[in-house]
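The chain contents come next:
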Amino acid sequence: MACVLAVRAVMPPPSDMVKVAIEWPGVNAQLIEIDQKKPLASIIREVCDGWSLSSSEQFGLRYADGPQLYITEQNRGDIKNGSILRLAISPMRAARQLLERIQSHGIDARLEALKELAKLSADPSFATEFIHTEGLGTLARLVESGTHFGEMLAFTLTAFLELMDHGIMSWDLISVSFIKQIAAYVNQPMMDVSILQRSLAILESMVLNSHSLYQRVAQETPVTQLITHLSNQEIQTYAIALINALFLKTPEDRRQEMASTLAQKHLRGIILNHIIRGNRPVKAEMAHQLYVLQVLTFNLLEERMMTKMDPNDQKQRDIIFELRRIAFDGDSDPSGTEKRKAIYTKDYRMLGFTNPVNPAIDFTQTPPGMLALDNMLYLAKVHQDTYIRIVLENSSREDKHECPFGRSAIELTRMLCDILQVGELPNEGCNDFHPMFFTHERAWEEFFCICIQLLNKTWKEMRATAEDFNKVMTVLREQITRSLAMKPPSLEQLRVKLCSLSYSEVLRLRQSERMSQDDFQSPPIIELHERIQPEILELIKQQRLSRLCEGSCFRKLGNRRRQEKFWFCRLSLNHKVLHYGDLDESPQGEVPFELLTDKILVSDIKAVLTGKDCPHMKEKSALKQNKELLELAFSILYDPDEALNFLATNKYEVSLKNTTKVTVLLERKEFDDTV
């Protein structure tokens, strides 16, 4: 009998019954048990009856803590045991009352109403009702009037942006006068920071969500004006986000023109001096925006990368002839007698082309297409001494160890395009920008020039022959990727790191990594491992549980990445409950359990999903879901058919957090076995 009672004491309540406290001002809270199978309207009616309140249809339930969202039939499954709810006026009634207060003549009353609206607009239920009462039109007219400034205007813009982000109303319905007024705030030199932030954010959303609005915003907001905002640390993230949005939506045939405009206004130098080398570290959102700009800039190379050379086009063949002329100081006439053509064929063979009779054929494969020829010509003209040294050094060798410059340059260009993902859309979850690419106007070409010298150096160190070409390229790729992972601050620092990562050093690193794996396969190590394995597993388990109890902060991804919002998740000290909740900013230390208003019983956890199986990856429709984003995602599934979705900052973090979630499942299993 005692055993049965003990089992009942620890068993969780049925999933369709939830115990909560409901508050109402001036009276004691009601402690009730909600039947999740009963209609929400019936539950609200019973609560109102408990306090003798009539017209229950004019009331609703909201969370008392955290975002204080309204509870609906769609989200009621999120209510947890022990939640504190609050009886409040219904979303429809709240929307109408707020709209009346906003339209009142009293300045103070209107300010308080707009302040409350800015907070409530994040609630989907309230937003739906407010938009249906023509509330957005009222806000738009307040902005268009141009008579509101300071806090009142800031709250108005905040509410407008929050309401539009729900996707209930199309951005295409926004009036031209509204766009002009928002653009005027951005173009005004002495505008309040809070208004500038919201105005830039609204313009960014317009550009990303409507092609017609992109054209209007581009017309009303010159990029040159946006660049001036990059020197202000409070708004530079918003400014560069709008620049990226305009860059992304610019038609392909005009992107080179926009890139030229940005270069003429010294965008790269401003970013380098005011952001990358500024007096404070680059935050995650700014890192993402710099990554997006880096990707969009490199994507300008895609057209040349996918352009095949026409072997019969004499103008294009003249460019190859220019390479020969610079290398061998020959005549400048590519036409001539058969004797001259024979000499040219010999020279092209010495240049390392696969098709020396007509080297134009080497550039017909895409990628890298004509981009490889562009890189070679840049090296020959800008770093002429280096080019001549590489070509002559290899063309004069007679021991079959010559490095074929032409073939190498083409394959290297293809490799660099692959490493830097030229042509790929930006990944929403990525912050992987490289500071060194912002230190030179021709960063891509300089990167190639450094790497082609490394290729020649590695070729000599490996004493390679033509048969070893693929092996050399494999080593070269490893050298480049290892060096890029160190994030060198300049191209010169990259050169230093690449030079230190010689072929012998790569072999040493490979051997060290291999030895660290092979040592564990010897019989003595296996025997020792079996002896201490239980203790190690227990230690690992405790370490992971400790990490869970400390908790982790995650950034919330929404339609407006520039506004950094965070949420925190940690395991209770008794290892039976996961606590989580929203935060206004990234915490500097441990977050108390009291601030984490949402809970999940460990006993309710059913599974851990990763990658494309995660619900938020199936629903995501952001810039691009590439492999990197999927590798950072994982989800916890729990009763009843709910999911807690995570997106880690890097692969190490997702690995750590996935293993800790598995530990939670192990704890749950042990708990169930005990019961």
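The preceding data block contains the structure.
Because the structure is predicted, anything quoted here is derived from the model rather than measured.

Peer 1: I keep staring at helix α4 (residues 107–120) and nothing clicks. Help me out?
Peer 2: Each turn of an α-helix holds 3.6 residues, which means side chains three or four residues apart point in the same direction. End to end, α4 covers 20 Å across 14 residues, agreeing with the expected 20 Å (1.5 Å per residue, within 8%). What α4 keeps buried is the set R110, A113, L114, L117, A118 and L120. End-on view of α4: buried residues confined to an arc of 165°, all on one side of the axis. Summarising the geometry of α4, the exposed residues directed more than 90 degrees from the buried face are D108 and K119. Buried residues along α4 sit in contact with β3 (59–63), α3 (91–102), α5 (124–132), α6 (135–145) and α7 (150–164).

Peer 1: Please explain the sheet that holds strand β10 (residues 633–638) as it appears in this structure.
Peer 2: Hydrogen bonds between backbone groups are what pair the strands of a sheet, and the pairing can be parallel or antiparallel. Here we have three strands laid out as an open sheet, ordered β9-β10-β11, and antiparallel in their pairing. This sheet does not close on itself; its edge strands, each paired only once, are β9 (605–610) and β11 (642–647). The sheet shows a mean angle of 20° between the axes of neighbouring strands, taken without regard to direction. Two elements, β10 and β11, share six bridges in a ladder whose sense is antiparallel. Each bridged residue has a counterpart across the sheet, and for Y638 the counterpart in β11 is E642.

Peer 1: Looking at this structure, how should I read unusual backbone geometry?
Peer 2: What you tend to see is this: most non-glycine residues have negative phi, and most peptide bonds are trans. Looking along the chain, the bond that leaves T366 and enters P367 is cis, with omega of -15°. With respect to the helices, strands and loops of the structure, P367 is situated in the loop between α18 (338–350) and α19 (370–382). Between P367 and P368 the backbone carries a cis peptide bond, its omega angle lying at 15°. In this fold, P368 is placed in the loop between α18 and α19. Despite not being glycine, Q421 shows a phi value in the positive range, around 55°. Among the residues examined, Q421 registers a relative accessible area of 31% and is labelled partly exposed. Positive phi values are uncommon outside glycine, yet K487 reaches one of about 50°. Looking at where K487 falls in the secondary structure, it is placed in the loop between α23 (469–485) and α24 (491–500). For K487, a relative accessible area of 32% puts it in the partly exposed group.

Conventions we followed
- Sequence order as written defines residue numbering, which begins from 1 separately in each chain.
- Given that this is a predicted model, residues contribute local features only at a pLDDT of at least 70 and side-chain atom pairs are listed and counted only at 80 or more, while totals for whole chains, interfaces and linings are drawn from all residues.
- Remark: hydrogens and water are excluded; side-chain values derive from all non-hydrogen atoms of the structure.
- Secondary structure is summarised from DSSP: a helix means a run of H or I of at least four residues, a strand means a run of E of at least two, and numbering begins at the N terminus for each.
- By this rule, a helix spans an expected 1.5 Å times one less than how many residues it contains.
- Exposure classes here rest on a 1.4 Å probe applied to the protein chains alone. A residue is buried below 20% of its type maximum, exposed above 50%, and partly exposed in between.
- The arc in question is the one spanned by the directions pointing from the helix axis to the C-beta atoms.
- The contact rule is simple, with two residues in contact once any of their heavy atoms fall within 4.5 Å.
- For two strands to count as paired, DSSP must find a minimum of two bridges between them.
- Note on geometry: axes are lines fitted to C-alpha atoms, helical ones only across the stretch in contact, with angles between N-to-C directions running from 0 to 180 degrees.

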